[in-house]
Protein chains: 2
Amino acid sequence: MDNYFVNRRSCRNFKSEKIDIKKLTEIIRQASKAPTCGNMQLYSVIATMDEENLKRLSAFHYNQPAASTAPCILTICADFNRFTQWCESNDADAGFDNFHSFIVAMTDAVILAQQIVTIAEKEGYGTCYLGTVTYNAEEISKLLKLPELVVPVASLSIGVPECIGEATDRIVTDGFLHIENYSVADEKKLEEIFRIHTENPENEKFIMENNKENLAQVFSEVRYPRALNEEVSVSFMQLLKKKGFIK
Amino acid sequence: MDNYFVNRRSCRNFKSEKIDIKKLTEIIRQASKAPTCGNMQLYSVIATMDEENLKRLSAFHYNQPAASTAPCILTICADFNRFTQWCESNDADAGFDNFHSFIVAMTDAVILAQQIVTIAEKEGYGTCYLGTVTYNAEEISKLLKLPELVVPVASLSIGVPECIGEATDRIVTDGFLHIENYSVADEKKLEEIFRIHTENPENEKFIMENNKENLAQVFSEVRYPRALNEEVSVSFMQLLKKKGFIK
């Protein structure tokens, strides 16, 4: 088997070296051979490389080092605009202004994003998803001048790695792989599944720092708290409405 | 560059040969090293390999050959159930019963799906996404006994390829790659972008067969018609409600 896949890790610190646009285009061209629904390619990629634009975009990602040090941020969007325009200019009824079409286009966009990650990393670049893309999706959308039926769903930093982080552990495969039917884990099994994280001394630190009792509380009450999730649920849904994917 | 990426194509016809469960597990284990939000791994994979279950599942995918000939179908789900259960058993407030958490988990799930595709194809297996996963998501959900906060978002056939289809053309990269800002294509540019499909003689056939004037009409009025998109929008949204991701 190809060792790349087990050893890969995200990069959160980049050298200032710019990424060659031809090289980037070639990576993205190759990635576009990834599967896409009905060969419709329901995505767009906006490459931010200009210094001023990078500063503005990075701010919407809270200037995390994975954003602020990156010489290039790709914002990958679910895009039914191009296809709809093409249909309309061909006198065809384009019925893609609905939630299902968003889900289909989002799937296409994330598949493309992951293919870019794999190809870029295999070429020696570092990459990092910026999970914050949905937090300020409306502002990002304005900055990049996204039209109707175009919504950002994945942000990727890409550049020459300064230092690559430690490989992160994953839960055992049978913790998420179910044969024939989903089987709900009981408390004991859950403890076993998550032990790889709870017994990691690195994580002990976060519990202490945040004055919490355990790692689950750090995740759900500090890093991904209910109030924030609920706030972003509302703003992201509003953006889907504004962009025409929800009535 | 690695030639795999430009030459890959999906497989819609499989040999009856079963897929070895150990091999499959190893592919999925390696794929789980793909990026995941906060290392939460917000996905589950349900592997259907039993003959009777495959028949039932394939029916929900309209028995398209990519489903009916497959010795294994993986249903990849956005899953906040496992993480929520773990938080709750640790006395932590798990606030993941909302739309944003679904979007985050769906992203994780699609990234994993695409990583499985790449690793499996590089190992010589054929794969195919079944875009029909959302059409009967509720029925699939029942068949696989999916609990709360678990929603199917990607289905993948996997097996030994019988015959691999022709490589499919993609639009030119600058048709979907935008530098700094999104630029909306005018009619002439759209015509250029889609020419690779409109001038494909293969597609001429579909226009004739369906008694349409052009390819755009075949796509939007026959293959992905408004009424179906709107119907699935409602049913998929209902499933998100039922599973607890939308109030």
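Residues numbered from 1 in each chain as written. Chains lettered and ligands numbered in written order. Predicted model: local features only at pLDDT ≥ 70, side-chain atom pairs only at ≥ 80, totals over all residues. Heavy atoms only, no water.

**Student:** Give me the interface of chain A and chain B: which residues, what numbers.
**Tutor:** Accessible area lost upon the coming together of the parts is a frequently used measure of interface size. Counting residues at the interface gives 114 residues for chain A, matched by 114 residues for chain B. For the pair chain A and chain B, the summed buried surface comes to about 10500 Å²; carbon and sulfur atoms form 62% of the total. For the interface between chain A and chain B, the tally reads four salt bridges. Of the charged contacts, one joins A:Arg226 and B:Asp93 as a salt bridge, the two residues approaching to 2.9 Å between their closest N and O atoms. The interface formed by chain A and chain B contains 61 residue pairs in polar contact (both at pLDDT 80 or more). Take the side of chain A that touches chain B: its biggest share by element is 15 residues, from helix α6 (residues 99–122) of chain A. (Contact = heavy atoms within 4.5 Å. Buried area = accessible area lost by both parts, 1.4 Å probe. Salt bridge = Lys/Arg side-chain N within 4 Å of Asp/Glu carboxyl O. Polar contact = N/O pair within 3.5 Å; in protein donor to acceptor, adjacent residues only side chain to side chain. Helix = DSSP H or I, 4+ residues; strand = E, 2+ residues; numbered from the N terminus.)

**Student:** Pulling in residues and values, what's your account of the nonpolar core?
**Tutor:** Among the nonpolar cores identified, the biggest contains 140 residues, and A:Leu74, A:Phe102, B:Leu74 and B:Phe102 are the most heavily contacted of them. Among residues more than four places away in sequence, those in contact with B:Phe102 are A:Ile103, B:Ala78, B:Val151, B:Val153, B:Phe236, B:Leu240 and B:Phe245. (Core = buried A, V, L, I, M, F, W, Y, C linked by side-chain atoms within 4.5 Å. Buried < 20%, exposed > 50% of the residue type's maximum accessible area, 1.4 Å probe, protein only.)

**Student:** With reference to specific residues and values, describe the confidence of the model for chain A.
**Tutor:** Note that predicted coordinates carrying low pLDDT should not be read in detail. Residue-level pLDDT values for chain A average 96, and 99% of them are 70 or greater. The ipTM assigned to the predicted complex is 0.98, against a pTM of 0.98. (pLDDT = per-residue confidence, 0-100.)

**Student:** Now, about the packing of aromatic side chains: what can you tell me, with residues and values included?
**Tutor:** Applying the stated criterion across every chain yields a total of 29 aromatic pairs over all chains. In this structure an aromatic cluster arises from ring pairing among A:Phe99, A:Phe102, A:Phe236, A:Phe245, B:Phe99, B:Phe102, B:Phe236 and B:Phe245. In this arrangement the basic side chain of B:Lys205 is found over the ring face of B:Phe206, its NZ or CZ atom lying 5.3 Å from the centre. (Phe/Tyr/Trp six-rings, centres within 6.5 Å; stacked < 30°, edge-to-face > 60°. Lys NZ or Arg CZ within 6 Å of the ring centre and 35° of its normal.)

**Student:** So what's going on with the relation of the copies chain A and chain B? Residues and values would help.
**Tutor:** Of the two same-sequence chains, chain A is brought onto chain B (RMSD 0.0 Å, axial shift 0.0 Å) by a rotation of 180 degrees. Those values place the two copies in the arrangement expected of a two-fold rotation axis. Most of the interface of chain A is mirrored in chain B: 100% of its interface residues are interface residues there too. (Least-squares fit on C-alpha atoms with pLDDT ≥ 70 in both.)

**Student:** Give a detailed account of the sheet that holds strand β4 (residues 150–159) of chain B, specifying residues and quantitative values.
**Tutor:** An order of β5(A)-β1(B)-β2(B)-β4(B)-β3(B) is seen for the five strands of this open sheet, with the pairing classed as mixed. The strands lining the two open edges of the sheet, one partner per strand, are β5 (177–179) of chain A together with β3 (126–129) of chain B. Sheet twist, expressed as the mean angle between neighbouring strand axes with direction ignored, is 25 degrees. Relative to strand β2 (residues 72–79) of chain B, strand β1 (residues 43–48) of chain B is paired through six bridges, and the arrangement is antiparallel. Within β2(B), the position partnered with B:Tyr43 by the bridge is B:Ala78. Those strands touched by helix α6 (residues 99–122) of chain B are β1, β2, β3 and β4 of chain B, and its axis lies near 150 degrees from that of β2(B). (Pairing = 2+ DSSP bridges. Axes fitted to C-alpha atoms, helices over the stretch in contact; angles between N-to-C directions.)

**Student:** Which residues make up the pattern of salt bridges, and what values do they have?
**Tutor:** Opposite charge on two side chains permits them to pair, given that their charged atoms come into close proximity. Inspection of every chain in the model, using the stated rule, returns 32 salt bridges over all chains. For A:Lys15, the salt bridge goes to A:Glu162, with nearest N and O atoms at 3.8 Å. Placement of A:Lys15 in the loop between α1 (4–7) and α2 (21–31) and of A:Glu162 in the loop between β4 (150–159) and β5 is noted, with a sequence separation of 147 residues between them. By sharing partners, the salt bridges in this structure join A:Asp93, A:Asp97, A:Lys247, B:Arg226 and B:Glu230 into a single network.

**Student:** Could you give an account of the packing of helix α11 (residues 226–242) of chain A against α6(B), with specific residues and numbers?
**Tutor:** For the pair α11(A) and α6(B), interaxial distance at closest approach is 7 Å and the crossing angle is 80 degrees. Judged by the inter-axis angle, α11(A) sits roughly perpendicular to α6(B). Judged by residue contacts, A:Asn229, A:Val232, A:Ser233, A:Phe236, A:Met237 and A:Leu240 of α11(A) engage B:Phe99, B:His100, B:Ser101 and B:Ile103 from α6(B). Across the contact of α11(A) with α6(B), the residue classes break down as six nonpolar, four polar and no charged. (Parallel < 35°, antiparallel > 145°, perpendicular 65-115°, else oblique. Nonpolar A, V, L, I, M, F, W, Y, C, P; charged D, E, K, R; others polar.)

**Student:** Give a detailed account of helix α5 (residues 81–88) of chain B, specifying residues and quantitative values.
**Tutor:** Among the eight residues in α5(B), six count as buried, and that is most of the element. What α5(B) keeps buried is the set B:Asn81, B:Arg82, B:Phe83, B:Thr84, B:Trp86 and B:Cys87. The elements touched by buried residues of α5(B) are α8 (187–198) and α10 (215–223) of chain A together with β1, β2 and β4 of chain B.

**Student:** Got a sec to walk through the sheet that holds β4(A)? Specific residues and values, please.
**Tutor:** Pairing is mixed across the open sheet formed by five strands, whose spatial order is β3(A)-β4(A)-β2(A)-β1(A)-β5(B). In the strand order of this sheet, the two ends are held by β3 (126–129) of chain A together with β5 (177–179) of chain B, each with one partner. The sheet shows a mean angle of 25 degrees between the axes of neighbouring strands, direction not considered. Bridging between strand β1 (residues 43–48) of chain A and β5(B) involves three bridges; their strand directions are parallel. Note on β5(B): the bridge partner recorded for A:Val45 is B:Leu177. Here helix α3 (residues 51–60) of chain A sits on the sheet in contact with β1 and β2 (72–79) of chain A, set at roughly 65 degrees to β2(A).

**Student:** So what about the environment of B:Glu139? Which residues, and what values?
**Tutor:** Residue and element names in this part refer to chain B. Inspection of the secondary structure assignment puts Glu139 in helix α7 (residues 137–143). By relative accessible area, Glu139 is classed as partly exposed at 33%. Spatially, the C-alpha atom of Glu139 lies 8.9 Å from that of Leu57, the residues being 82 residues apart in sequence.

**Student:** Which residues make up unusual backbone geometry, and what are the values?
**Tutor:** Residues and elements named next belong to chain B. You will see that Asn39, though not glycine, has its phi angle at about 60 degrees, which is positive. By the element assignment, Asn39 lies in the loop between α2 (21–31) and β1. Classification of Asn39 as buried rests on a relative accessible area of 16%. The phi dihedral of Tyr62 falls on the positive side, at around 60 degrees, and the residue is not glycine.

**Student:** Got a sec to walk through the state of the cysteines? Specific residues and values, please.
**Tutor:** In the structure shown here, the tally under the stated rule is zero disulfides over all chains. Free of any disulfide, A:Cys37 has its nearest neighbouring cysteine sulfur in B:Cys128, separated by 11 Å. Among the cysteines around B:Cys87, which has no disulfide bond, B:Cys37 carries the closest sulfur, lying 13 Å off. (Disulfide = S-S within 2.5 Å.)

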